[in-house]
Amino acid sequence: RAGGRRKRARARHRPCALKELEVSVSELGLGYQSEETVLFRYCSGTCEAAVRSYDLSLKSMRSRRRIKKEKVRARPCCRPLAYDDDVSFLDTYNRYYTVNELSAKECGCV
């Protein structure tokens, strides 16, 4: 059991990085029906090394209950810094679409 707990702990501390997955356009959840596949690149990981004064102060204000019900994050998030080129495809009715800012090109902690 301890081995599983250590494995989960290591998984939480993977640095922010670019990952990719081949999916159908329909699986993207944007409302398009198409069997064409695209390479979807996304950002995943933690940003512990990028904690700034803002993050520390926000965490302190939340712990002192100065900020109560608002949804705020007291640490940086792993997000796209840049996006790949636009993605174009045909849907099941042979209509042509182009989607921009779909796939990450570069990730970082923001």
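The structure this text deals with has already been given above.
Residues numbered from 1 in each chain as written. Predicted model: local features only at pLDDT ≥ 70, side-chain atom pairs only at ≥ 80, totals over all residues. Heavy atoms only, no water.

Trainee: Quick rundown of the environment of serine 34? Include the residues and the values.
Mentor: Turning to its location among the elements, serine 34 is positioned in the loop between strand S1 (17–24) and strand S2 (37–44). Serine 34 sits 56 residues away from leucine 90 along the chain, and the two C-alpha atoms are 6.7 Å apart. Beyond its immediate sequence surroundings of up to four residues, serine 34 is in contact with Ser24, Val25, Ser26, Phe89, Leu90, Asp91 and Thr92. A distance of 2.7 Å separates the side chain of serine 34 from the backbone oxygen of leucine 90, its partner in a polar contact. (Helix = DSSP H or I, 4+ residues; strand = E, 2+ residues; numbered from the N terminus. Contact = heavy atoms within 4.5 Å. Polar contact = N/O pair within 3.5 Å; in protein donor to acceptor, adjacent residues only side chain to side chain.)

Trainee: Run through the nonpolar core, naming residues and quoting values.
Mentor: If you look at the biggest cluster of nonpolar residues, it comprises seven residues: Val23, Val25, Val38, Val87, Phe89, Val99 and Leu102. When sequence neighbours within four positions are dropped, the list of residues in contact with valine 23 reads Leu28, Glu36, Thr37, Val38 and Phe40. Formed by five residues, the second largest nonpolar core is a distinct cluster that contains Cys43, Cys47, Ala104 and Cys107. (Core = buried A, V, L, I, M, F, W, Y, C linked by side-chain atoms within 4.5 Å. Buried < 20%, exposed > 50% of the residue type's maximum accessible area, 1.4 Å probe, protein only.)

Trainee: Please set out the packing of aromatic side chains residue by residue, giving values where relevant.
Mentor: Going through the model one piece at a time under the given rule, you end up with four aromatic pairs. For the ring pair tyrosine 32 and tyrosine 97, a centre distance of 4.7 Å and an interplane angle of 50° mean the geometry is tilted. In this pair, tyrosine 32 is assigned in the loop between S1 and S2 and tyrosine 97 in strand S5 (residues 96–99), connecting sequence segments 65 residues apart. Accessibility expressed as a relative area gives 22% for tyrosine 32, which makes it partly exposed. Ring geometry for phenylalanine 40 and tyrosine 42: centres 6.1 Å apart, planes at 15°, overall stacked. (Phe/Tyr/Trp six-rings, centres within 6.5 Å; stacked < 30°, edge-to-face > 60°.)

Trainee: Lay out the pattern of salt bridges in plain terms, naming residues and giving numbers.
Mentor: For the coordinates displayed, the defined rule picks out three salt bridges. Here arginine 41 ties to glutamate 20 by a salt bridge, and the two come within 3.3 Å at their closest N and O atoms. Separated by 21 residues along the polypeptide, arginine 41 in strand S2 and glutamate 20 in strand S1 bring together distant segments of the chain. With a relative accessible area of 48%, glutamate 20 lands in the partly exposed category. Salt-bridge contacts for arginine 95 lead to aspartate 91; the nearest nitrogen and oxygen are separated by 3.0 Å. Since its relative accessible area comes to 43%, arginine 95 is described here as partly exposed. Exposure remark for aspartate 91: the relative accessible area of 7% places this residue in the buried category. The network of salt bridges with shared partners includes Glu20, Arg41 and Asp84. (Salt bridge = Lys/Arg side-chain N within 4 Å of Asp/Glu carboxyl O.)

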